[in-house]
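# Analysis of the macromolecular model
Here's the letter readout for the chains.
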Amino acid sequence: MNTTALLTALTEQLADTAELARAGREFRESGFTTTGFLAPETVKAAVRAEAEALITSHGTRRELRFAETGHTPRRMRNARRGEIHRHGTVIPALYESEDLRQALAVIAGEPVLRCPYEPEQFVITELTESGDTHGWHWDDYSFALVWVLDCPPAEDGGFVQYVPNTVWDKESPRLHRQFIGRPILSAELRPGDLYLMRTDTSLHRVYPLSRGRRLILNMAYAAHRDLTKIHSHETMDTLWAAP
Ligand SMILES: O=C(O)CCC(=O)C(=O)O
Ligand SMILES: [Fe+2]
């Protein structure tokens with residue numbers, strides 16, 4: 001199927017308003033909802049095939065810690081936005097889809113905009129080694145739509161944990177403080193799932209892998225409020241931006 005046909009299939013699927021309403025209720029309550037219903041199997045298969053090819057040809061291993069998120073570990077392989085944009089077709093086209101952003105806006109209850117800072121628009125992340133994790137952090141922009149392309153069962157790690165309604169102070173993240181008096185929520189994910197998270201106010205992480213492999217595509221989106229905030233991009237620049 002070519003990219004135009006895939007986008008048409010996506011648009012047809014996005015007409016499921018009952019699912020959008022359910023996801024919207026969940027999202028506005030907890031800052032998280034699974035949204036696998038947004039994309040048909042044909043689109044998911046095309047995203048997965050492109051992500052597999054890109055991580056194989058352009059994946060770079062990174063092992064980093066950031067003061068801005070309390071020195072939590074990032075142990076992963078990534079293909080970054082520039083590489084995906086240059087060598088991919090399906091993923092950049094999906095990111096540009098206005099129909100997809102409109103569906104996300106129904107769930108979010110507010111407009112969902114392209115991320116104005118290009119290096120953060122999308123990234124492919126692969127966890128392969130025991131101990132690999134995307135450690136506790138917040139994102140710079142309001143929303144992430146994550147496509148789960150490969151994932152082990154929860155017993156082997158790789159599930160997502162989050163603490164909604166928290167505030168990122170980059171100067172003094174006081175990460176452990178965020179857990180005191182607040183529950184950590186966890187969501188099991190399966191290949192083919194998608195989820196939408198309010199990533200600027202949900203402290204979140206991927207539970208360290210003990211076995212198996214995890215592959216995701218993360219598409220980041222902005223809210224209007226993000227466009228007026230002055231953003232510094234230290235953690236993401238180091239993680240994803242070109243050297
Ligand atoms: O891998 C995930 O499910 C989350 C990824 C994430 O938090 C990020 O890329 O900022
Ligand atoms: Fe994140």
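Summarised in this report is the structure supplied together with it.

About the thresholds
Numbers given for residues are sequential positions, taken from 1 along each chain in its written order. Chains and ligands are labelled by the order in which they are written, letters from A for the one and numbers from 1 for the other. At least 70 in pLDDT is required for a residue's local features to be given in this predicted model, at least 80 for side-chain atom pairs to be given and counted, and no such filter applies to totals for whole chains, interfaces and linings, which use all residues. Values reported for side chains reflect all heavy atoms of the structure, with hydrogen atoms and water molecules removed beforehand. Note on definitions. A residue lies near a molecule or strand when any single heavy atom of the residue is within 4 Å of it. Residues adjacent in sequence count toward polar contacts only when both atoms are side-chain atoms; beyond that, a polar contact is any pair of N or O atoms within 3.5 Å, and within protein one must be able to donate a hydrogen and the other to accept it. What sets the accessible areas is the Shrake-Rupley method with a 1.4 Å probe; for residues, cover comes only from the shown protein chains. Secondary structure follows DSSP: runs of H or I at least 4 residues long count as helices, runs of E at least 2 residues long count as strands, and numbering of each begins at the N terminus. Polarity classes work like this: nonpolar for Ala, Val, Leu, Ile, Met, Phe, Trp, Tyr, Cys and Pro, charged for Asp, Glu, Lys and Arg, and polar for all others, with Gly in that last group. Throughout, exposure labels follow a simple rule: accessible area from a 1.4 Å probe, protein chains only, divided by the maximum for the residue type, with under 20% read as buried, over 50% as exposed, and the rest as partly exposed. Two strands pair under a simple rule: DSSP has to find at least two bridges between them. Here, nonpolar core refers to any group of buried Ala, Val, Leu, Ile, Met, Phe, Trp, Tyr and Cys residues whose side-chain atoms link them within 4.5 Å. What makes two residues a contact is simply this: any of their non-hydrogen atoms within 4.5 Å. Donor atoms: N, O and S within 2.8 Å of the metal, or within 3.2 Å for Na, K and Ca. Because water is excluded, sites can look incomplete. Here the metal geometry follows the donor angles, with tetrahedral for four donors whose angles all fall between 85 and 135 degrees, square planar for four and octahedral for six when opposite donors are more than 155 degrees apart and every other angle is between 65 and 115, and irregular for all the rest. As a rule, the C-alpha atoms of each element are fitted with a line to give its axis, helices using only the stretch in contact, and angles between N-to-C directions run from 0 to 180 degrees. For classification purposes, angles smaller than 35 degrees are called roughly parallel, those larger than 145 roughly antiparallel, those between 65 and 115 roughly perpendicular, and all remaining angles oblique. Left-handed is the label given to a crossing in which the near helix is rotated counterclockwise from the far helix by less than a right angle, and right-handed is the label when the rotation is clockwise.

### Let's talk about the site of ligand 1
Close to ligand 1 lie H134, H137, D139, V146, V160, Y195, H204, V206, R214, I216 and N218. Within the side chain of H204, a nitrogen or oxygen atom sits 3.0 Å from an oxygen atom of ligand 1. Here ligand 1 has 290 Å² of accessible area as a free molecule, and 97% of this is covered by the chains. The set of elements that each furnish at least two residues to the shell around ligand 1 consists of strand 6 (133–137), strand 11 (203–206) and strand 12 (214–222). Looking at the shell around ligand 1, the element that brings in the most residues is strand 12, giving three residues. By residue class, the composition of the shell around ligand 1 is five nonpolar, four polar and two charged.

### Things to note about the side chain of T72
One can find T72 in the loop between strand 2 (60–65) and strand 3 (73–79). A polar contact of 2.6 Å, which involves the side chain of T72, links it to the backbone oxygen of W136.

### Re the pairing of strand 10 (residues 194–198)
Two faces, one strand: in a regular strand the side chains alternate between the faces of the sheet. Buried residues dominate strand 10, accounting for five of its five residues. Residues L194, L196 and R198 point to one face of strand 10 and Y195 and M197 to the other, with burial holding for every one of them. The pairing of strand 1 (residues 32–34) with strand 10 spans three bridges and is classified as antiparallel. Looking at the pairing, T33 lines up with L196 of strand 10. Alignment of strand 7 (residues 143–150) against strand 10, held across five bridges, turns out to be antiparallel.

### Considerations on the nonpolar core
Generally speaking, a soluble globular protein has its nonpolar side chains buried in company with each other. By size, the foremost hydrophobic cluster in this structure holds 45 residues, and its most contacted members are I91, I124, L145, W147 and M219. Not counting chain neighbours up to four residues away, the residues in contact with L145 comprise T35, L38, L100, L104, L194, Y195, L196, L217, N218, M219 and Y221. Counting residues in hydrophobic clusters, the runner-up holds twelve residues, among them V148, C151, Y162 and Y195.

### A short note on the coordination of the iron ion (ligand 2)
In an ideal tetrahedron of four donors about a metal, each angle is 109.5 degrees. In an ideal octahedron of six donors, the angles are 90 or 180 degrees. Around the iron ion (ligand 2), the protein contributes the donor atoms H137 (NE2), D139 (OD), D139 (OD) and H204 (NE2), which lie 2.1 to 2.8 Å from the metal centre. Every donor counted, the six donor atoms about the iron ion (ligand 2) form angles of 49 to 168° at the centre, which fits irregular coordination. Of note, the iron ion (ligand 2) draws all its donor residues from one chain, in the sequence arrangement H-x1-D-x64-H. Taken together, the residues span a long stretch of sequence, with D139 in the loop between strand 6 and strand 7 and H204 in strand 11 at a distance of 65 residues. Given the relative accessible area of 7%, H204 is considered buried.

### Notes on the packing of helix 1 (residues 3–13) against helix 3 (residues 41–58)
The geometry of helix 1 relative to helix 3 is characterised by a closest axis approach of 9 Å and an angle of 135° between their N-to-C directions. Between helix 1 and helix 3, the angle falls in the class oblique. The way helix 1 lies across helix 3 gives a crossing that is left-handed. Judged by residue contacts, L6, A9 and L10 of helix 1 engage T42, V43 and A46 from helix 3. Each residue belonging to the contact of helix 1 with helix 3 can be placed in one class, and the counts come to five nonpolar, one polar and no charged.

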